[in-house]
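Below are the chains, spelled out letter by letter.
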Amino acid sequence: MYDLIIIGAGPAGLTAALYALRANKKVLVLEAKNYGGQIVNASNIENYPGIVSISGYDFATNLYNQVKKLNGEIVFETALRVTPSKKVLTNKNEYQAKAVIIATGALNRQLNIPHEQDFIGKGVSYCATCDGHFYKDKVVAINGGGNTALEDALYLSNIAQKVYLIHRREEFKGDLINVEKLKRQDNVEFILNSTITAINGEDNLSSIVVTNKEGQSKQIAVQGLFIAIGQDPKNEIFANVVDLNDKGYIISTDGVHTKTPGIYVAGDTRVKNLRQLTTAVGDGSEAATIAIKEMKKDLD
Ligand code: NAP
């Protein structure tokens, strides 16, 4: 029996673990893939208070090690179901807890155009910091207008020979400071008001077709395409214990509780105004603290 099972080892989940472990609770963290969540993909974090600059990988690794140092139990299993009685079934085991925090984040959004899947690992990537080094002195394109796309473009501009940043609008959703930095890079070219409509190549990606709002298309030779168009949650498996909005995010009236007592939510996977590292760790600490407080109340 665990005090707390946390589903997801991203910044929200690992912060929740950190707080619960420091409160001497027996904690299990379940992670389907790799620790760190999406922040692992951030080439450089420069908006986390008190840290001038750190790579997403280093940040995530520090947090993981911090949890491990407190003897936090982290297992790489996929949660398949949570019951109202706080039983968690995974692809390998069945666990019981007094409380559960769902901190599953979101998955990379796909363009859903022909051949996108075929070229994954052969030119198409969703992680610039993971795959960027394969494109030294090559020509690459990044698709997206949020901070991930902007930071990816900056990162790749220091590796690749040429970087196209393709965005479907005139204005970027990401921070202006990143846009200004990109404008100063002479190997970065913005292609705005445009979407990628085709991906071509034989064994490996060799070109993409970009179509603007007027419907005019052009072919651009690229060896790499980094898709950074946001994320979507994957919470259908929790629909028996939480309410989901039309986009699949978990609804919480106060940002912590779900409709089931003892089942809480934290991080990007809930309905919220700002999905950032700062808000994810805030969610994790709050969810763990409240879960522990309510656990105590149940015992009193
Ligand atoms: P995001 O902010 O949701 O931006 C996604 C971008 O992709 C938007 O510009 C969107 O266009 C575009 N897009 C969505 N679907 C598209 C499609 N089908 N085709 C073409 N373009 C499409 O996602 P993100 O950049 O991954 O960032 C996620 C969150 O993490 C954000 O809150 C971000 O600020 C945060 N983040 C933080 C850091 C950091 O703290 N250092 C680093 C990276 C990300 P529209 O503008 O038209 O909607």
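1. A look at the sheet that holds strand β8 (residues 124-125)
Part 1 of the reasoning: Judged by pairing direction, the sheet is parallel, and its 5 strands sit side by side in the order β8-β15-β9-β10-β11 without closing on themselves. What marks the edges here is a single partner per strand, and that holds for β8 and β11 (188-191).

2. A short note on the site of the ligand
Part 1 of the reasoning: What surrounds the ligand is a group of 19 residues, the closest being Thr 148, Arg 168, Arg 169, Arg 275 and Gln 276.
Part 2 of the reasoning: The side chain of Asn 47 places a nitrogen or oxygen atom 3.0 Å from an oxygen atom of the ligand.
Part 3 of the reasoning: Separating a nitrogen atom of the ligand from a side-chain N or O atom of Glu 151 is a distance of 3.2 Å.
Part 4 of the reasoning: Contact with the protein chains covers 85% of the free accessible surface of the ligand, which is 910 Å².

3. Considering the sheet that holds strand β12 (residues 194-201)
Part 1 of the reasoning: An order of β12-β13-β14 is seen for the 3 strands of this open sheet, with the pairing classed as antiparallel. Strands with a single pairing partner mark the edges of an open sheet, and in this sheet they are β12 and β14 (217-221). Taking each pair of neighbouring strands and ignoring which way they run, the sheet shows an average axis angle of 25°.
Part 2 of the reasoning: Inspection of the sheet shows β12 paired to strand β13 (residues 205-212) by 7 bridges, in the antiparallel sense. Bridged to Asn 200 within β13 is Ser 207.

4. Overview of the packing of aromatic side chains
Part 1 of the reasoning: Throughout the structure, instances matching the rule amount to 5 aromatic pairs.
Part 2 of the reasoning: Judged by centre distance (5.4 Å) and plane angle (80°), the rings of Tyr 135 and Phe 226 are edge-to-face. A residue pair is termed long-range when its members are at least 10 positions apart, and Tyr 135 in the loop between α3 (128-131) and β9 (139-143) and Phe 226 in strand β15 (residues 224-227) qualify at 91 residues. In terms of burial, Tyr 135 and Phe 226 fall into one category: buried.
Part 3 of the reasoning: Note on Phe 172 and Phe 190: the rings are 5.4 Å apart at their centroids and 75° apart in plane angle, and the pair reads as edge-to-face. One end of the pair, Phe 172, is in the loop between β10 (162-166) and α5 (176-183); the other, Phe 190, is in strand β11, with 18 residues separating them in the sequence.
Part 4 of the reasoning: The aromatic ring of Tyr 249 is capped on one face by Arg 275, whose charged end is 3.9 Å from the ring centroid.

Calculation criteria
Residues numbered from 1 in each chain as written. Predicted model: local features only at pLDDT ≥ 70, side-chain atom pairs only at ≥ 80, totals over all residues. Heavy atoms only, no water. Pairing = 2+ DSSP bridges. Helix = DSSP H or I, 4+ residues; strand = E, 2+ residues; numbered from the N terminus. Near = heavy atom within 4 Å. Polar contact = N/O pair within 3.5 Å; in protein donor to acceptor, adjacent residues only side chain to side chain. Areas by Shrake-Rupley, 256 points an atom, 1.4 Å probe, with all protein chains shown as cover. Axes fitted to C-alpha atoms, helices over the stretch in contact; angles between N-to-C directions. Phe/Tyr/Trp six-rings, centres within 6.5 Å; stacked < 30°, edge-to-face > 60°. Buried < 20%, exposed > 50% of the residue type's maximum accessible area, 1.4 Å probe, protein only. Lys NZ or Arg CZ within 6 Å of the ring centre and 35° of its normal.

Interpretation in functional terms is not warranted from these geometric data alone.
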